[in-house]
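# Fold and geometry: a report
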Amino acid sequence: MMAITDDRLMAYLDGELDAAARAEVEAALDADAELQAKMETQRKLRARLSARYDPVAEEEVPDHLRAMLEPKVVDLDIERARRARPIWQSVAGIAATLVLGIAIGRLAPGGGSGPVAIENGVMIARGSLETALDTQLASAQAPDGPTRIGVSFAGVDGRLCRTFEDAALSGLACHGAQGWQVMVAAPGSDAQQSDYRQAGSGSPLVLQAAQEMMAGEPLDAEAERRARDAGWPQTR
Amino acid sequence: MQGFEGELLSLLPRLRRFARALARDAADADDLTQLALERALKARRQWAPGTRLDAWTMRIMRNLWIDEARSRSRRAQTFAPEEAGTLVGSDAHRDIERAAEMHDVDRAMNALPDEQREAVALVLVEGLAYREAAELLDIPIGTLTSRLTRGRQALAQMLEAA
């Protein structure tokens, strides 16, 4: 078997390898304790970097920085009516910018039940998916989390909704009395293969659904944080 | 909210995180963020709608940071070692105090060469794909990955010893 170089091991950790190359590294890892130790060291390093820097993205942005970007006085209704750009475009744009990086080639710890349960005839998010929907901010995601949140928005029915994507599943869920109801489910990022994988911008199907269900604009970083801190309340 | 400003606003938390990974401390990071926003607003016509605004803005920030780092190292070189010794009580002293209260991770990042630090910040902190980071830095992917590997090994070593 070919020796696994350090660059190769790092590319594995960074989710930059395709399935065949991943399998090769995994086979080598099984057989090589030294390689495993290297990987463990690098995992720890990643965790320490996340622990140090990710909280910065969750802090409230200082006023003087916000003020540089906020319009002075804007009548929102007029502004909304004037805007020619279709929502579809801004959703795709925001999703593409926010859904950065990809889940690292690591499987969720075995066993356990799936990310979605059927309860009272509807699909409800469970496990790590539920946690991600509850807590993860699209604007402040750890680069190697298993689930990526795309956009968050208020639906026309007043529920807060979010798009998500992990290796197996992408979709759209809205928050109600039962928790996160999955409204749309589609294949996840592993269904899209290439050498250096693009930041997943989510399935077109999911974005299409988001566009149709959205009332107004997607939540910005600040509104998203407030919604999370308030437990994803009904907007009206 | 208008498109360009609105999108920048939603990127702001991430831009602050990126700045924090590049700059020496939190105060410098927010200064860097402010400069980058000023520059981005001024240069907004150069941004092609439909392309990645995050990468565009991070590139601006990174270039500002490199300029600043270069002028800082020029300033440092103008002091001969014996003169630097007489600075205790002023700048040098404050730098030492600052370093003492620094977080382990900050100290390790500060010890990295700039080219390794920016690679680590883009890929490990911001989660950019190799191709995206290499494009942003105008270097081949192979160069990026070797800087990244060296930077990580150095960080792991420093933090293990800490």
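Residues numbered from 1 in each chain as written. Chains lettered and ligands numbered in written order. Predicted model: local features only at pLDDT ≥ 70, side-chain atom pairs only at ≥ 80, totals over all residues.

## Observations regarding the overall build of chain B
Looking only at helices and strands, one finds 9 helices and 0 strands in chain B. Reading chain B from its N end, one meets helices and strands in the order α-α-α-α-α-α-α-α-α. Relative to its full complement of 162 residues, chain B shows a buried share of 39%. Within chain B, contacts between residues at least 6 apart in sequence are counted, and of these 64% link residues at least 24 apart. (Helix = DSSP H or I, 4+ residues; strand = E, 2+ residues; numbered from the N terminus. Buried ≥ 20, exposed ≤ 12 C-beta atoms within 10 Å, placed from the backbone. Contact = placed C-beta atoms within 7 Å.)

## Regarding the pairing of strand β6 (residues 179-187) of chain A
Residues and elements named next belong to chain A. With 8 bridges connecting them, strand β5 (residues 169-176) and β6 associate as antiparallel partners. Opposite G171, over in β6, you have A185 as the bridge partner. Here β5 hands over to β6 after 2 residues, the two strands then running antiparallel side by side. (Pairing = 2+ DSSP bridges.)

## Describing unusual backbone geometry
Phi is mostly negative for residues that are not glycine, and the peptide bonds are mostly trans. Residue and element names in this part refer to chain A. Even without being a glycine, N120 presents a positive backbone phi close to 50°. With respect to the element layout, N120 can be found in the loop between β1 (116-119) and β2 (122-125). Given 6 C-beta atoms within 10 Å, N120 falls into the exposed group. Positive phi values are uncommon outside glycine, yet W232 reaches one of about 55°. Position of W232 among the secondary structure elements: in the segment after α9 (221-229).

## What about the nonpolar core?
Counting residues in each nonpolar core, the largest one holds 50 residues, and the members touching the most others are F18, M61, V120, V123 and A133 of chain B. When residues in this core are grouped by element, the largest group, 9 residues, is from helix α1 (residues 3-22) of chain B. Among all residues touching F18 of chain B, those that are not within four sequence positions of it are M58, M61, A121, V125 and E126 of chain B. Counting 25 residues, the second-largest nonpolar core is a separate cluster that includes A154, L160, W180 and W232 of chain A. (Core = buried A, V, L, I, M, F, W, Y, C linked by C-beta atoms within 7 Å.)

## A short note on the interface of chain A and chain B
The interface is formed by 38 residues belonging to chain A together with 42 residues belonging to chain B. At the level of secondary structure, the elements contributing two or more residues to the side of chain A that touches chain B comprise α1 (6-13), α3 (33-58), α4 (63-69) and α6 (87-98) of chain A. A total of 11 residues in the side of chain A that touches chain B trace back to one element, the largest contributor, which is α3 of chain A. Residues that form the side of chain A that touches chain B fall into these classes: 21 nonpolar, 5 polar and 12 charged. (Nonpolar A, V, L, I, M, F, W, Y, C, P; charged D, E, K, R; others polar.)

## A word on the packing of helix α6 (residues 104-111) of chain B against helix α9 (residues 141-161) of chain B
All names here are of chain B. Relative orientation of the contacting elements α6 and α9 amounts to 140°, with a least axis distance of 10 Å. As the angle between them shows, α6 and α9 are arranged oblique. As for how α6 packs across α9, the hand of that crossing is right-handed. The residues of α9 that touch α6, namely those facing D104, A108 and A111, are L155, M158 and L159. (Axes fitted to C-alpha atoms, helices over the stretch in contact; angles between N-to-C directions. Parallel < 35°, antiparallel > 145°, perpendicular 65-115°, else oblique. Left-handed = near helix turned anticlockwise from the far one by under 90°.)

## Quick word on helix α2 (residues 26-42) of chain B
Residues and elements named next belong to chain B. For α2, which comprises 17 residues, the first-to-last C-alpha distance of 24 Å matches the rise-based estimate of 24 Å (1.5 Å per residue) to within 8%. If you check which residues of α2 are buried, you get A29, L32, T33, A36, L37 and A40. The arc that holds every buried residue of α2, seen down its axis, measures 135°, which confines them to one face. With respect to the buried face of α2, the exposed residues turned more than 90 degrees away are A27 and K42. (Expected span 1.5 Å × (residues − 1). Arc of directions from axis to C-beta.)

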